[in-house]
Amino acid sequence: MKVALITGINGQDGSYLAELLLDKGYMVHGIIRRSSTFNTERIEHLYIDTILKDIHKQQNIKLHYGDMTDGSNLIRLVQEIQPDEIYNLAAQSHVKVSFDLPEYTAETDGIGTLKLLEAIRICGLTNKTRIYQASTSELYGKVQETPQTETTPFYPRSPYGVAKLYAFWITKNYRESYNMYAVNGILFNHESERRGETFVTRKITLAAARIAHGIQDKLYLGNLDAKRDWGYAKDYVECMWLMLQQEVPEDYVIGTGEQHTVREFCELAFKEADITINWEGKDENEKGVCAESGRVLIEIDPNYYRLAEVETLLGNPAKAKANLGWNPNKTSFKELVKIMTQHDLKLIKNK
């Protein structure tokens, strides 16, 4: 039985990855931060069901308290668990929040990655443990070429992007310096019904559901013209696993090769909720109006503009398709929006 350690297991990606690894017969360990309130709703079905069925049955998932800023604890956990694979998904991953918490973002996303790499080295596991580092398309920021590939120059535009850039290079440095099997997955925007409610895609689908059920009046957004390469998180975690199964460790861009605007996302989500959106006005005065009732449902709030905007992101997954045999279009953009909106329509209805 292979043993995997997932940092950030209670996040969107961590929960899907845990499901995938358990299906493949892994023993899965996950690190969660201690909190006075439970924040494990995305993974409760993975371990509570097992306990309820048979409390004496061996569980193939085990959770540990930890934090990416606590290096000594990371060393202890790596030594105790002796993982074959580590997936470092833990991060302060909200771009807007990273401007408010730049130092914490740097400590968690950047130096935290260094501490985990050091834990592997100090524990003498450089020849045993393979590590996946969750990189991000935010590394490209003010893009230097389109589409973006593994060789496109980086130009991050947020404290989050800058912290992740350090994590990218320190991972590559440890691979080359200590001959570690360490890879970066440069994943473009990937969403799902498990996405946090403050991220723009989930904010849109929840608003469409709430407005459709009459419990929210309007949705306020920032840049409607921002273009992103959106995929389904459940598909993307498969690539994380595939990257650690290759003979040679390499970095990969994971995206769909398609891009859409925030405006398009809004139109599809509201349409799924049986609301047709027409657009009126320009720039900060642009509004999304319900075609049936004439009500203004979407407005621009400049407070949601980024301090340094990332206008366009578009990944080229050619290397992943060729080397990993991965299908970047397994779930289409329209299907993704439908999955998320239908989930939120049911969620709001049942509240």
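Student: How do you make sense of the sheet that holds strand 15 (residues 296-300) when you look at a structure like this?
Tutor: Sheets are built from strands that pair by backbone hydrogen bonding, the pairs being arranged parallel or antiparallel. Read across the open sheet, the four strands follow the order 8-15-14-13; overall the sheet is mixed. The open sheet has two free edges, formed respectively by strand 8 (219-221) and strand 13 (277-280), since each of these has just one partner strand. On average, each strand axis in the sheet is tilted by 20° relative to the strand beside it, whichever way the strands run. Bridging between strand 8 and strand 15 involves three bridges; their strand directions are parallel. From the neighbouring strand, Tyr 220 faces strand 15, where its bridge partner is Glu 299. Contacts between helix 7 (residues 200-212) and the sheet are confined to strand 8 and strand 15, with strand 8 contributing the most and set at about 160° to the helix. Where helix 9 (residues 262-272) meets the sheet, its contacts fall on strand 8, strand 13 and strand 15, and the angle it forms with strand 13 comes to roughly 145°.

Student: Help me understand the sheet that holds strand 4 (residues 85-88) in this model?
Tutor: Reading across the sheet, the seven strands line up as 3-2-1-4-5-6-11 and stay open at both edges, with parallel pairing between neighbours. The outermost strands of the open sheet, each flanked by one partner alone, are strand 3 (61-65) and strand 11 (252-254). With strand direction ignored, the average angle separating the axes of adjacent strands in the sheet is 20°. As defined by bridge partners, strand 2 (residues 27-32) adjoins strand 3 across five bridges and the pair is classed as parallel. Considered in strand 3, the bridge of Gly 30 is made with Leu 63. Against the sheet, helix 3 (residues 71-81) touches strand 1 (3-7), strand 2, strand 3 and strand 4, its axis set at about 155° to strand 3. Contacts between helix 6 (residues 159-178) and the sheet are confined to strand 5 (130-136) and strand 6 (181-187), with strand 6 contributing the most and set at about 150° to the helix.

Student: What should I look at first to understand the nonpolar core in this one?
Tutor: For soluble globular proteins, nonpolar side chains are generally found buried alongside one another. In this structure, Ile 6, Leu 21, Tyr 87, Tyr 132, Met 243, Ile 254 and Phe 270 are the most contacted members of the largest nonpolar core, which totals 64 residues. Take this core: its biggest share by element is eight residues, from helix 8 (residues 233-243). When residues no more than four places from it in sequence are discounted, the contact partners of Tyr 87 are Ala 4, Leu 5, Ile 6, Thr 7, Leu 17, Leu 21, Tyr 132, Met 240, Trp 241, Leu 244 and Gln 245. Grouped together as the second largest cluster of nonpolar side chains are 22 residues, Leu 5, Met 27, Tyr 174 and Met 180 included.

Student: Could you clarify how one ought to interpret the pattern of salt bridges in this entry?
Tutor: Under the definition given, this model contains 14 salt bridges. Across the pair Arg 121 and Glu 118 runs a salt bridge, and its minimum N-O distance is 2.6 Å. Taken together, the residues span about one helical turn, with Arg 121 and Glu 118 both in helix 5 (residues 102-122) at a distance of three residues. With a shortest N-O distance of 2.8 Å, Arg 263 and Asp 225 are connected by a salt bridge. Separated by 38 residues along the polypeptide, Arg 263 in helix 9 and Asp 225 in the loop between strand 8 and strand 9 (227-228) bring together distant segments of the chain. On the basis of relative accessibility, which here comes to 43%, the residue Asp 225 falls in the partly exposed class. Put simply, Asp 225, Arg 263 and Glu 286 are held in one network by salt bridges that share partners.

Scoring rules and cut-offs
- Residues numbered from 1 in each chain as written.
- Predicted model: local features only at pLDDT ≥ 70, side-chain atom pairs only at ≥ 80, totals over all residues.
- Heavy atoms only, no water.
- Pairing = 2+ DSSP bridges.
- Helix = DSSP H or I, 4+ residues; strand = E, 2+ residues; numbered from the N terminus.
- Axes fitted to C-alpha atoms, helices over the stretch in contact; angles between N-to-C directions.
- Contact = heavy atoms within 4.5 Å.
- Core = buried A, V, L, I, M, F, W, Y, C linked by side-chain atoms within 4.5 Å.
- Buried < 20%, exposed > 50% of the residue type's maximum accessible area, 1.4 Å probe, protein only.
- Salt bridge = Lys/Arg side-chain N within 4 Å of Asp/Glu carboxyl O.

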